[in-house]
Amino acid sequence: MVAAGLLVLASPFALDQMYPLPLPDPRDNGSVVLAADGTPLRAFANRSGVWRYPVVPDEVSPHYLQALTTYEDRWFRYHLGINPVAMLRAAGQWVVNGRVVSGGSTLSMQVARILEPHRRTPGGKLRQALRALQLEAHFSKDQILTLYLNHAPFGGTIEGVEAASWAYLGKPARHLSQAEAALLAVLPQAPSRLRPDRHPEAARAARDKLLARMVAQRAWTPAEVADARIEPVVARRLQQPLSAALLAQRLRAAHPGQSRIPSTLDAPLQRVLEQRLAGYFAQLPERTSAALLVVDNATLQARAYVGSLEFADARRLGHVDMVRATRSPGSTLKPFLYGLALDDGLVHSESLLVDAPQSFGDYRPVNFDPAFNGPVSVSDALRLSLNVPAVDLLDRVGPERFAARLAHAGLRLRLPRGAKPNLSMILGGTGTRLEELVGAYRALNADGLAGQVRYAPEDPLQERRLLSPGAAWIIRDVLEQHGRPGQRDEAFDTSGRPRVAWKTGTSYGFRDAWALGSTTRYTVGVWVGRPDGTPLPGQYGAITALPLLFEVVDSLPRASEDARRRALPAEVQRVDICWPLGLPPDPAEPALCQQTRKALALAGSLPPTLPERDAHRWGAGRLQMDVDARTGQRLSASCTASHRRQSQVIARWPGLAYPWLPAAQRRASAIPPLAADCAPDALDGMENLRIDGASDGSRLARAPGSARPATLRLRALGTETRVRWLVNGRLAGETRGARPWTHVFDAPGEQQITALADTGAWAEITLRVVR
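Attention in this report is confined to the structure presented alongside it.

Thresholds, definitions, all that
- Residues numbered from 1 in each chain as written.
- Predicted model: local features only at pLDDT ≥ 70, side-chain atom pairs only at ≥ 80, totals over all residues.
- Heavy atoms only, no water.
- 1 Å grid on protein atoms, 1.4 Å probe; cavity = no way out; pocket = protein on both sides within 12 Å on 5 of 7 lines; lining within 4 Å.
- Points joined across faces, edges and corners; volume = space filled by probe spheres on them.
- Helix = DSSP H or I, 4+ residues; strand = E, 2+ residues; numbered from the N terminus.
- Nonpolar A, V, L, I, M, F, W, Y, C, P; charged D, E, K, R; others polar.
- Core = buried A, V, L, I, M, F, W, Y, C linked by side-chain atoms within 4.5 Å.
- Buried < 20%, exposed > 50% of the residue type's maximum accessible area, 1.4 Å probe, protein only.
- Contact = heavy atoms within 4.5 Å.
- Pairing = 2+ DSSP bridges.
- Axes fitted to C-alpha atoms, helices over the stretch in contact; angles between N-to-C directions.

1. Structural notes on empty space enclosed by the protein
To find the voids left in a structure, one rolls a probe of water-molecule size over its atoms.
So, point 1. On inspection of all chains with the given rule, the structure shows two cavities of 30 Å³ or more.
So, point 2. If you add up the space inside the largest cavity, you get close to 130 Å³.
So, point 3. Around the largest cavity sit 13 residues that line it, and Val354, Asp392, Arg396, Glu612 and Pro654 are the ones nearest its centre.
So, point 4. Contributions of two or more residues to the lining of the largest cavity are made by β8 (352–355) and α15 (387–397).
So, point 5. With three residues, the top contributor of residues to the lining of the largest cavity is β8.
So, point 6. Residue composition of the lining of the largest cavity, by class: seven nonpolar, one polar and five charged.
So, point 7. Roughly 40 Å³ of internal volume is contained in the second largest cavity.
So, point 8. Around the second largest cavity, the lining residues are Pro498, Thr519, Tyr522, Val553, Leu556, Pro557, Arg558 and Asp562.

2. A closer look at the nonpolar core
So, point 1. If you look at the biggest cluster of nonpolar residues, it comprises 77 residues, and the most contacted ones within it are Leu293, Tyr338, Phe402, Ile426, Leu434, Tyr455 and Leu466.
So, point 2. Element by element, the count of residues in this core is highest for helix α18 (residues 469–480), at seven residues.
So, point 3. Those residues in contact with Leu434 that lie beyond four places of it in its chain are Ala291, Leu292, Leu293, Met322, Val323, Trp514, Leu516, Gly525, Val526 and Trp527.
So, point 4. Counting residues in hydrophobic clusters, the runner-up holds 50 residues, among them Leu21, Ala43, Ala163 and Trp166.

3. Observations regarding the sheet that holds strand β19 (residues 645–652)
So, point 1. If you walk across this open sheet you meet the three strands as β18-β17-β19, and the pairing is antiparallel. A single partner strand is all that each edge strand has here, and the edge strands are β18 (634–635) and β19.

4. Some words on the environment of Asp562
So, point 1. For Asp562, the position within the fold is in the loop between α20 (546–555) and β15 (572–579).
So, point 2. In sequence terms Asp562 and Arg521 are 41 residues apart; their C-alpha atoms lie 7.7 Å from each other.
So, point 3. Apart from the residues lying within four places of it in its own chain, the contact partners of Asp562 are Pro498, Arg499, Thr520 and Arg521.

5. Let's talk about the pairing of strand β26 (residues 749–757)
So, point 1. Among the nine residues of β26, seven are classified as buried, and the element is accordingly described as predominantly covered.
So, point 2. Bridge analysis of strand β23 (residues 722–727) against β26 gives five bridges, and the strand direction is antiparallel. Along β26, the bridge assignment pairs Val723 with Ala757.
So, point 3. As judged from the eight bridges shared by β26 and strand β27 (residues 762–770), these two strands associate in the antiparallel manner. Paired with Gln752 across the two strands is Thr766, which belongs to β27.
So, point 4. Hairpin connection between β26 and β27: a loop of four residues separates the two successive antiparallel strands, and Gly760 in this loop has a positive phi of roughly 100°.

6. Some thoughts on unusual backbone geometry
So, point 1. The peptide bond linking Trp579 to Pro580 adopts the cis configuration, its omega dihedral lying at 10°.
So, point 2. Topologically, Pro580 is positioned in the loop between β15 and β16 (595–602).
So, point 3. Its identity is not glycine, yet Leu317 carries a phi of approximately 50°, on the positive side.
So, point 4. Relative to the assigned elements, Leu317 resides in the loop between β7 (302–306) and α13 (334–343).

7. Digging into the sheet that holds β23
So, point 1. Strand order in the open sheet formed by five strands is β21-β27-β26-β23-β24, with mixed pairing between adjacent strands. The sheet terminates laterally at β21 (699–701) and β24 (730–736), the two strands that pair on one side only. For this sheet, the mean inter-axis angle between neighbouring strands, taken without regard to orientation, is 30°.
So, point 2. The pairing of β21 with β27 spans three bridges and is parallel. Paired with Ala701 across the two strands is Val770, which belongs to β27.

As structure tokens, this is what we get:
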């Protein structure tokens, strides 16, 4: 007897071991990437093609749980897996009526059938009941309920209440109304026949039947049910979410096996910007894509991430994520170069630079616009994105040091294998990524701290020093002075718009168009181009990417203080300086101040104008000499005649700037001629360049009877160095020494010809070309 009793007791354990529960493979759940508020961005089906968003009971509306247990199993919390009373009642109704009138299955039995489908036979029902008992032995009620919530069928390839709620109703299950909860509670009983997107009337009838039962069971009040009946059954067309598709793909790869993957994105903002990007660039040619990244400055969390123009469009290579693709940055690195030069004490915001043809070894940069501007300030050089001053400054800072500083802050410059950092980097001769640029531009509104963009809430906050707080403030202020191209403040009310420190960039051959902008609260990056690297002629940062940048900025949340210029920090001083020396005015020597400018400088640092790069040139600076008090002629140490000597001080401009100076400033900086009775001095050795082949004021016409345009052959006399020839401020050619230069004048009108020697000597004539 004892043995028989033990056998009876042991048999359930033996059967449990012999026939284990067919539980779902947790690795085959599929996965869903969520926005910060829990909105699904993109769902990845499992191996069977099923869409499922795992949840636990606490994440589901109490209305749904109440409707589910009332409809399916009121005694769920009390039975051991089967409800004998309900089963006997259902069997009796079947015998009397010859058909199924009410079900006898418990919620545990329904889970058993979901896990192990079977035919509707007495044997199948017995197996279902045994499996339900087995479930109850292994799992708690909440665990069994969780299995139902995540695996109940809802039509098509949708399983689980969360997936159904998003697919049909466009909301999370935690926000279901009573009417919606009743609808989803009845749907698994006949998911094909009751699908609300296909059979709304049948779905409504089943829902209302459950609502009536809720009143009868006193679960809900008659008033609540009356309100619920009013709600129509409106379901969306079944379509899985596909927002931030490339980021979702990226996060899924970073979290393998995780069924719910949270992100930092703002779901409404993401949808709006995806639509705006697609509409804005819809007219671009085939194989063209675009990317957009919006980051919260305070947390470095991404709020919007658009990796391509159209994810599903193979013609636009939409599968290529351009947020993390390596591309040429164009001129977008320039703000960091000027900021580093501020920190090094090389410049202040109004330091004098020269935008003129120059060579740096065998590297000869030109501007995007081939014209040159002559003397420019640091602020103007940055705002106008002039190339020659930037290359000159990088030559002084050092390419290796600049690249290392950026890399330390998280902005890694990618060079061809074997290549070393060089001067071309500042004009785009390197590669970087949109996400790294956005992380770096964030430093302008974060006291100089750049950072790594965060895409998941658990990503650590990683910040690195890129610029000092003072340098970041100055660079941001300079870039904010841009305003908005084509928009006059007096024509538009801009008082509520946030101030934007922005910069554009265009890579060589129009392959990449960039716009980066930072406000008090957000940093935004836009890229446009072709993922395959082919040119996109006529598309560049200022006309292609910048307008979208401003549209995005204007669509972001804002506060009133975002539109105000921030107070001057203690690390920055506002000071008057003079050109050409770059120093404050000296009341004792007013002649040295030819032009006054208001500069921003780091406290305790007011550097003078940079010396000219080559030693054989006369540098800008204070030049003191003796002159004859009566004639004004320069006197050397050895003069035979008697002179009344007096000291004179002049401020010299950089030699390359002289062709662009007004006549009054040229005269003020001119070295007086040496008196005839004085021995030559060092100043007398300065080159005097002269243009040979035409005289100032000449008229030039084509040959009589000829259709060919007028042609002129000129020489620069007085130097053995290289000579650059400019026509109306644009580089037109170069020669060496007195070798001739020929130019064809296609257009009539006044033409200004400038010869500029490497020594800084220059000459200029003006011609008039007639037809």
